[in-house]
Amino acid sequence: MLLYTTMILITDGGSTKCDWIAVDKAGNQLLDTKIRTKGLNPAILKESKLEKIIKKSDELMELKEQVTHVFFYGAGCGTTNPKLILTGVLESIFTNALIDVQEDTMAAVRATLNHNDEAAVVCIMGTGSNCSYFDGHKLHQRVLSLGYSVMDDASGNYYGKELLRDYYFNKMPGKIKVAFEHKYNLEADFIKYNLYKQPNPNAYLANFAEFMFLNKDSDYIVNLIKKGIRIFAENMIFQYEEELKTVPVHFAGSIAYFGKAEILSVAEELGFKVGNFERRPIEGLVAYHIKQL
C-alpha cells in the first residue's frame, strides 16, 4: 500500500449514490478511479446506516488512516442536526482528518461558477432539487427544503412520481405505457413495498426518471419534463426575481444535464438567462479546494 503525506477526500454525496475522489495537495488524483458508495443522506438515514455504508467500502477502509482532509457535500446536510450526525460519523472513521460537511448546494455553487466571486442563481436537479443565490461571497436560500415528499420539483424523484401517477391514472400514451411496463416491475404491492417499507424511497422514485431520457422522441415525455421545469422555475428560481435581471442561472445534476434542451426552452419562455451545466460537481470541487489549501 502506498503512503501519502496529504490525502484529500472530496465527496459528492446524493441520496442515491456518493462519489469519493482522493487527491494530493497539487490536485493529482491518487486512485485510478473514483470510489462509489450508496447514498449518505443524513436527513433520511440513521447514524448506524450511514456508518455501515461507509465501512462497507473496502477502498475507503484501506485509506482511512491516511486521509488528512474530508470535504463532504451532501443531500440532507443543509440543516444542523443531520449535518452534525454525518460529521460525527466521518470523524469516527477518518480519525486523522479534518472534516468539513456542507450541503450539496455549495458543491453545485463551487463547481458551476466561472470564478469564485461570481454572482449567480444555482440550481440542483438530481435525485432531489434545490435552488440558491450566491452573491459572490455568501449563499442565500429563500426556501427551506422540506424534502422529496413535499418539494423537490423537477428532480428525479419528482419525475418518478409523475410517471407512476400517469401510468396508474391511465394518462400515458399506449406505446410509452408498454415500454414502461417492459422496463420496470409495476405491480402495486412491489411499488408500495419500496415506497413505504424500504429506506431511500426518494432514490427508488428517481430510478424511474432514466426512462424519460431514453424516450425523448415522445411529445408526452418532453411535455412532462418541461412541466416539471416550469413548476421548479415558478416555485424556486423566481424566488430570486430581482437577481435574475443581472445574473445567470447555473445547473448541476444529472436531471439538469440530460434535460438541458428542455431547460433552455423553458428559460426562453419564462425569460431567465441560463449559464453553465455540470453533471457531476465533483470535478469542479477538486480545483476549488486545491486553491484553498
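For the structure itself, consult the block above.
Residue numbering note: each chain is counted from 1, following its sequence as written. Only residues with pLDDT of at least 70 get local features here, since the model is predicted, and only at 80 or more are side-chain atom pairs given and counted; chain-wide, interface and lining totals rely on the full set of residues. The side-chain figures draw on all heavy atoms in the structure; neither hydrogens nor water molecules are used.

Asks: What am I meant to see in the sheet that holds strand β9 (residues 249-252) here?
Replies: Where strands meet in a sheet, backbone hydrogen bonds hold them as pairs that are either parallel or antiparallel. A strand pair is defined by DSSP finding two or more bridges across the two strands. Numbered from the N terminus, helices here are DSSP runs of H or I no shorter than four residues, and strands are runs of E no shorter than two. Read from one edge of the open sheet, five strands run β8-β7-β6-β9-β10, paired in mixed fashion. Only two strands of the sheet have a single neighbouring strand rather than two, namely β8 (139-140) and β10 (274-278). As paired elements, strand β7 (residues 129-134) and β8 share two bridges and run antiparallel to each other. Across the sheet, the residue bridging to Phe-134 is Leu-139, located in β8. Working rule for contacts: check all heavy atoms of both residues, and any pair within 4.5 Å makes them a contact. For every element, the axis is a line fit to its C-alpha atoms; helices are fit only across the contacting stretch, and the angle between N-to-C directions ranges from 0 to 180 degrees. Each of β6 (120-125), β7, β8, β9 and β10 is contacted by helix α4 (residues 104-112), which is oriented at about 120° to β6, the strand it contacts most.

Asks: Can you walk me through the environment of Met-106 in this structure?
Replies: Positionally, Met-106 belongs in helix α4. For the pair Met-106 and Ala-203, spaced 97 residues apart in sequence, the C-alpha to C-alpha distance is 21 Å. Excluding its chain neighbours within four sequence positions, the residues that come into contact with Met-106 are Tyr-73 and Leu-139.

Asks: So what exactly am I meant to see when it comes to the pairing of strand β1 (residues 8-13) here?
Replies: Side chains on a regular strand alternate between the two faces of the sheet. Buried, partly exposed and exposed residues are distinguished by accessible area as a fraction of the type maximum, computed with a 1.4 Å probe on protein chains only: under 20%, between the cut-offs, and over 50%, respectively. Among the six residues of β1, six are classified as buried, and the element is accordingly described as predominantly covered. Residues Ile-8, Ile-10 and Asp-12 of β1 are buried on one face, and the alternating residues Leu-9, Thr-11 and Gly-13, pointing to the opposite face, are buried as well. With six bridges connecting them, β1 and strand β2 (residues 17-23) associate as antiparallel partners. Looking at β2, one finds that Asp-12 is bridged to Asp-19. Hairpin geometry of β1 and β2 is characterised by an intervening segment of three residues between the two adjacent antiparallel strands.

Asks: How do you make sense of the packing of helix α5 (residues 156-168) against helix α6 (residues 174-183) when you look at a structure like this?
Replies: What describes two packed helices is the angle between their axes and the distance between those same axes. Where α5 meets α6, the closest approach of the two axes is 11 Å, and the angle between their N-to-C directions is 115°. Crossing hand, α5 versus α6: left-handed. Only Lys-177, Phe-180 and Glu-181 of α6 make contact with α5, whose side of the interface consists of Leu-163, Leu-164 and Tyr-167. Put simply, Ala, Val, Leu, Ile, Met, Phe, Trp, Tyr, Cys and Pro go in the nonpolar bin, Asp, Glu, Lys and Arg in the charged bin, and everything else, Gly too, in the polar bin. Classifying every residue of the contact of α5 with α6 by side-chain character gives four nonpolar, no polar and two charged. With the far helix as reference, a near helix turned anticlockwise by less than a right angle produces a left-handed crossing, and one turned clockwise produces a right-handed crossing.

Asks: I would appreciate a short explanation of the nonpolar core in the present structure.
Replies: Soluble, globular proteins show a tendency: their nonpolar side chains are buried together. Formed by 48 residues in total, the largest nonpolar core has its most connected members in Tyr-159, Leu-163, Phe-180, Ile-237 and Phe-251. The element that contributes the greatest number of residues to this core is helix α10 (residues 219-235), accounting for seven residues. With residues near it in sequence (within four places) discarded, Leu-163 still touches Met-172, Phe-180, Phe-208, Phe-211, Met-212, Tyr-220, Ile-221 and Leu-224. In terms of nonpolar packing, the next biggest core, distinct from the first, is built from 26 residues, Leu-50, Leu-63, Cys-77 and Leu-86 among them. Residues belong to a common nonpolar core when they are buried Ala, Val, Leu, Ile, Met, Phe, Trp, Tyr or Cys residues joined through side-chain atoms within 4.5 Å.

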